[in-house]
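# Geometric and topological summary
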Amino acid sequence: MAARTSSPNGLVPVHIAVHDPAPMEEPGPQTNDYARDRFTASAKYAGISWTEHGAEPRWLGMDTSTCAAAINPSHFSGNGADEYDRFLSGAASRGEPALIIATMGTADEDEDRVPSVFGRPRGRVDFRHFTGAIVGERLLTGAEVSLVPGLDAADRDLGLRLLNRPPSAPWWAMTVQATTSKGSRGTTVREPEGELVPILVDSLNEPVVARWTSGDGQQIWYVIPDGVDWNQMVDWLVQRALPEHVPAALRRVRSRHPVDPALETPAETQARSSLEELERRYLEDKARLEGELDQARQEAEPVRAALLYGSGSELEDAVAVVLRAAGFAVTDLDEELGDTLSADLLAALNGSTCLVEVKAASGAAAEKLISQLNATWRSGHNCGPASLSPALP
């Protein structure tokens, strides 16, 4: 067992079981393949400031029975299963749920290198002692995801942190699948257990971040996409997830983080409530503004598309809409006169009038075209003839 070190505030840190081996120095050119694989497996945790978060990792080969949570546990014998079982047994002996964070998929897997018959790259998370699994299908780069409304404080905070990932970060759409096994009597299908609660969803409302809880409440899993900021995740784990699900773990180590709202002072309760109210208003305002933006785009897109790509009456109608929005009184002369005897539109504003001929052209209108239009227009108008020529891409 590792020595019990202290965190910066002098308190004993909470133990967190990590499936991978402890980070090591990058191996030199003479290092064997096993050491290189070990370095690659643990490199993603090398930059975590564990002590700053009030945590201490327990790597493969270390005692995990005192851990308050686990990251990416493995059920494979000789490759993490023993540490996994000790973690589960320790939590059960204390009457606490086993809190687990698992990543879906592999971020550095090339999403374009996919045999079409098998679909896009997939990920899988299996449970220990429960039937069923969560499988994920990788979404295309730039997939839009959103926060599920009505979440509790811990789940909402996790969702907001993950929403801030770079636009190129990968996501996997998740579904729960049954467990199947083949034997001498055929294939046995066992329905999945537990409940999956979405936290972030894609445009088809499929979860990309979720919390799974076993039917007996003994295991709580947070399934997140691979390629996250692990300092953010460990910080969330200690500040939000443990106080919500395993508060006794923080009491045992006298954590500086709040454990039970009933133990807060009135000032702490007021500040915390105000912060939660601020987060709630932010989410409501964000959803409202996103809806207004979508509505505005739906209204503007037909006119914008007609101006950029249209011709004939479609383009004329779009120009008329823009002029009316600018305050002009617009008359469709073709409709008014019953023939194309003059310009397309008559626009009037503050006592001045203009004839407008609408032509689709790339770049500015040619001088020859303007001369031809001048020859057909009547004189005596308050402003010279104008030709609107949208530049086509």
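Residues numbered from 1 in each chain as written. Predicted model: local features only at pLDDT ≥ 70, side-chain atom pairs only at ≥ 80, totals over all residues. Heavy atoms only, no water.

Right, let's get into the sheet that holds strand β12 (residues 207–213). Across the sheet, which stays open at both edges, the eight strands sit in the order β2-β1-β3-β4-β13-β12-β11-β7 with mixed pairing between neighbours. For this open sheet the edge positions go to β2 (55–58) and β7 (145–147), each flanked by a neighbour on one side alone. Within the sheet, the average angular offset between the axes of one strand and its neighbour, ignoring direction, is 25°. As paired strands, strand β1 (residues 14–18) and β2 are joined by four bridges and run parallel to one another. (Pairing = 2+ DSSP bridges. Helix = DSSP H or I, 4+ residues; strand = E, 2+ residues; numbered from the N terminus. Axes fitted to C-alpha atoms, helices over the stretch in contact; angles between N-to-C directions.)

Per the stated rule, a full pass over the model turns up three cavities of 30 Å³ or more. In this structure, the largest cavity spans a volume of roughly 90 Å³. Together, 15 residues line the largest cavity, and Ala 17, His 19, Pro 73, Glu 83 and Tyr 84 are the ones closest to its centre. Counting residues per element, the ones that place at least two in the lining of the largest cavity are β1, β3 (69–71) and α2 (81–93). Here the lining of the largest cavity gets three residues from one element, more than from any other, and that element is α2. Of the residues assigned to the lining of the largest cavity, the class counts are nine nonpolar, four polar and two charged. (1 Å grid on protein atoms, 1.4 Å probe; cavity = no way out; pocket = protein on both sides within 12 Å on 5 of 7 lines; lining within 4 Å. Points joined across faces, edges and corners; volume = space filled by probe spheres on them. Nonpolar A, V, L, I, M, F, W, Y, C, P; charged D, E, K, R; others polar.)

Looking now at the packing of helix α3 (residues 153–163) against helix α4 (residues 230–245). Put simply, α3 and α4 touch, their axes get as near as 9 Å, and they point 170° apart. Taken together, the axes of α3 and α4 are roughly antiparallel relative to one another. Touching Ala 153, Ala 154, Asp 157, Leu 158, Arg 161 and Leu 162 of α3 are Gln 232, Met 233, Asp 235, Trp 236, Arg 240 and Glu 244, all from α4. Of the residues that constitute the contact of α3 with α4, the class distribution is six nonpolar, one polar and five charged. (Parallel < 35°, antiparallel > 145°, perpendicular 65-115°, else oblique. Contact = heavy atoms within 4.5 Å.)

Taking 1.5 Å of rise per residue, the 13 residues of α2 would be expected to cover 18 Å, and the 18 Å separating its terminal C-alpha atoms lies within 8% of that figure. Those residues of α2 that fall on the buried side of the exposure criterion are Ala 81, Glu 83, Tyr 84, Phe 87, Leu 88, Gly 90 and Ala 91. Along its buried surface, α2 packs onto β3, β4 (98–104) and β13 (219–225). (Expected span 1.5 Å × (residues − 1). Buried < 20%, exposed > 50% of the residue type's maximum accessible area, 1.4 Å probe, protein only.)

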